[in-house]
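# Results of the structural survey
In case you want the letters, here they are:
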Amino acid sequence: MVLVESYDLIIVGAGAAGLAAGIYGSRSGLKTLILEEKLAGGTTGDAPLVENYPGFASILGSELADKMLQHCKKTGAILHELEVVENLDLKGEKKTVKTNKTSYEAPAIIIATGAHYRTLDVKGEKEFKGKGVSYCGVCDGPFFKGKHVLVVGGGNSACITTLYLSGLAADVVVVHRREAFRAEDALVTDIASKGNVKVMWSTQVTEIKGDKIVKSIVLTNSKTGETSEVPVDGVFVQVGESPNSTQAIEAGVEPDESGHAIKIDIHQRTNIPGVFAAGDVTNHPVMQIGTAVGQGITAALEAYSYIRRPYYRKP
Ligand SMILES: Cc1cc2nc3c(=O)[nH]c(=O)nc-3n(C[C@H](O)[C@H](O)[C@H](O)COP(=O)(O)OP(=O)(O)OC[C@H]3O[C@@H](n4cnc5c(N)ncnc54)[C@H](O)[C@@H]3O)c2cc1C
């Protein structure tokens, strides 16, 4: 017989959202378990330098992640690192979480599994990640004030990033493998009006070059086969991000219209009573550390109300 450990609240994922939820869950008196498949910290730990998290004018991502982790542990939340959630059963009053080690149950669960940025998988991309290669315009754009940057992609994210960067960088080159953007008309019109933005259609990135930091990018025109090397200071890869939502969706959690991000209401509730979601895994329009923290806090306090207050509003 498999022994199932019982908790009040189980949080899947120990990034900014999960750790914030852990602090609030535990301080509210809930017996709180956080399950993390890697080491705690999530993508905050991947950010080379964070300059937009209130209270810290400039802090290494790894240092901020560690401060969140230590704070969370101090509140008494139980954290299991290197424990992978393999299956969720969310339908009953008790939600069951099966991991690679054992099984747990709780009346409330918070999905805080984050998202992963799609990569180009070209030579130099991994090597220069955080040294000129970025996946987040709002996070890293201000480091490139007055410099020459390049955006890869042609969807809404690429267009929004291009417009944001056009107000900071000296100039922006957009490289798109198709012959037209796949973005909202208003964004496309705005881009056309920017004097410092140049678009290269039918073009793919072949290699990112540099020494300690990015210096140039090699591009190939997919129609002519011609290659060119463009000097750049920064490369913003905007070819999409995928929420880590497969398990939750398979367990019956409703996604948004994209089919990937978990649909939440302003209380961080999903379509299943007792199941909440927070951070980059959700369809919240902003993917930042501050917003992940805010969502984690709301999710934990709403989970508390769900568990402890019989008059808690039902979805
Ligand atoms: C390179 C980079 C730089 C950035 N810079 C900034 C910045 O300067 N400022 C800013 O505000 N934002 C920045 N961001 C964005 C910010 O890091 C994220 O929006 C935020 O950290 C998301 O937090 P989260 O808790 O939702 O997800 P995550 O931090 O991704 O945490 C999710 C956690 O869930 C775990 N997990 C997933 N699946 C499972 C499973 N099945 N079982 C157990 N655990 C699981 C993951 O291992 C991960 O630790 C940056 C992002 C990147 C990638």
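You'll find the structure just up there.
Residues numbered from 1 in each chain as written. Predicted model: local features only at pLDDT ≥ 70, side-chain atom pairs only at ≥ 80, totals over all residues. Heavy atoms only, no water.

### Regarding the side chain of threonine 161
Quick note on the threshold: Secondary structure counts use DSSP, requiring at least four H or I residues in a row for a helix and at least two E residues in a row for a strand, with both numbered from the N terminus. Relative accessibility under 20% of the residue-type maximum defines a buried residue, over 50% an exposed one, and the middle range a partly exposed one, all with a 1.4 Å probe and only protein chains included. Contacts are assigned to residue pairs with any non-hydrogen atoms lying within 4.5 Å of each other.
Its location among the elements puts threonine 161 in helix H4 (residues 156-166). The class of threonine 161 is buried, set by a relative accessible area of 7%. Ignoring anything within four residues of it in the chain, the contact list for threonine 161 reads Gly137, Val151, Phe236 and Gln238.

### Digging into the site of the ligand
Filter applied, for reference: Here a residue counts as near a molecule or strand whenever at least one of its heavy atoms sits within 4 Å of it. In protein, a polar contact requires one atom able to donate a hydrogen and another able to accept it; more generally it is a pair of N or O atoms within 3.5 Å, and residues adjacent in sequence count only if both atoms are side-chain atoms. Note on areas: Shrake-Rupley with a 1.4 Å probe; residue coverage comes only from the protein chains shown. Asp, Glu, Lys and Arg are counted as charged, while Ala, Val, Leu, Ile, Met, Phe, Trp, Tyr, Cys and Pro are counted as nonpolar; the rest, among them Gly, fall into the polar class.
Every one of the 32 residues lining the ligand counts as a neighbour, but Glu36, Thr43, Asn52, Asp280 and Ile289 are closest to it. In this structure, an oxygen atom belonging to the ligand sits 2.8 Å away from a main-chain N or O atom of isoleucine 289. Protein burial of the ligand: of its 1000 Å² of free accessible surface, 95% is covered by the chains. Every element with two or more residues in the shell around the ligand is listed here: helix H1 (16-27), strand S4 (49-50) and helix H7 (289-308). Per-class residue counts for the shell around the ligand are 15 nonpolar, 11 polar and six charged.

### Observations regarding H7
Rules: Working rule for helices: expected span equals 1.5 Å times residues minus one.
If you check H7, its first and last C-alpha atoms are 28 Å apart, about what 20 residues at 1.5 Å a residue would give, namely 28 Å. Ile289, Ala292, Val293, Gln295, Gly296, Ala299, Ala300, Glu302, Ala303, Ser305 and Tyr306 are the residues of H7 that are buried. As for H7, its buried residues are in contact with strand S2 (9-12), H1, S4, helix H2 (61-74), strand S10 (108-111) and strand S21 (275-277).

### A word on the nonpolar core
Defined as follows: What is meant by a nonpolar core is a set of buried Ala, Val, Leu, Ile, Met, Phe, Trp, Tyr and Cys residues, joined one to another through side-chain atoms within 4.5 Å.
Counting 34 residues, the largest nonpolar core has Met68, Ile110, Phe276 and Ile289 as the members making the most contacts within it. Looking at this core, the elements that each hand over two or more residues are S2, H1, H2, S10 and H7. Per element, the largest residue contribution to this core is seven residues, and it comes from H7. Core analysis: the second largest hydrophobic core is formed by 22 residues, Leu35, Val85, Ala106 and Ile262 among them.

### Re the packing of aromatic side chains
Stated formally: The aromatic pairing rule takes the rings of Phe, Tyr and Trp, using the six-membered ring of Trp, and pairs them if the centres are within 6.5 Å, calling planes under 30 degrees apart stacked, those over 60 edge-to-face and the rest tilted.
Overall, the coordinates contain six aromatic pairs when judged by the stated rule. Summarising the aromatic geometry, the rings of tyrosine 117 and tyrosine 135 are spaced 6.1 Å apart at their centres and angled 45° between planes, so their arrangement reads as tilted. Taken together, the residues tyrosine 117 in strand S11 (residues 115-117) and tyrosine 135 in the loop between strand S12 (133-134) and helix H3 (137-140) connect sequence positions 18 residues apart. Classification of tyrosine 135 as buried rests on a relative accessible area of 13%.

### Quick word on the sheet that holds strand S1 (residues 4-6)
Put simply, the rule is: When DSSP locates at least two bridges between a pair of strands, those strands are taken to pair. For helices, the fitted line uses only the C-alpha atoms of the stretch in contact; every axis is such a line through C-alpha atoms, and the angle between N-to-C directions lies from 0 to 180 degrees.
Pairing within the open sheet is mixed, and its four strands lie in the order S1-S9-S8-S7. Lying at the two open borders of the sheet, with one neighbouring strand each, are S1 and strand S7 (85-89). Neighbouring strand axes in the sheet, compared pairwise and without regard to direction, differ in orientation by 25° on average. In this sheet, strand S9 (residues 103-106) lies alongside strand S8 (residues 95-99) in antiparallel orientation, the contact comprising four bridges. For valine 97, the partnering residue across the bridge sits in S9 and is tyrosine 104.

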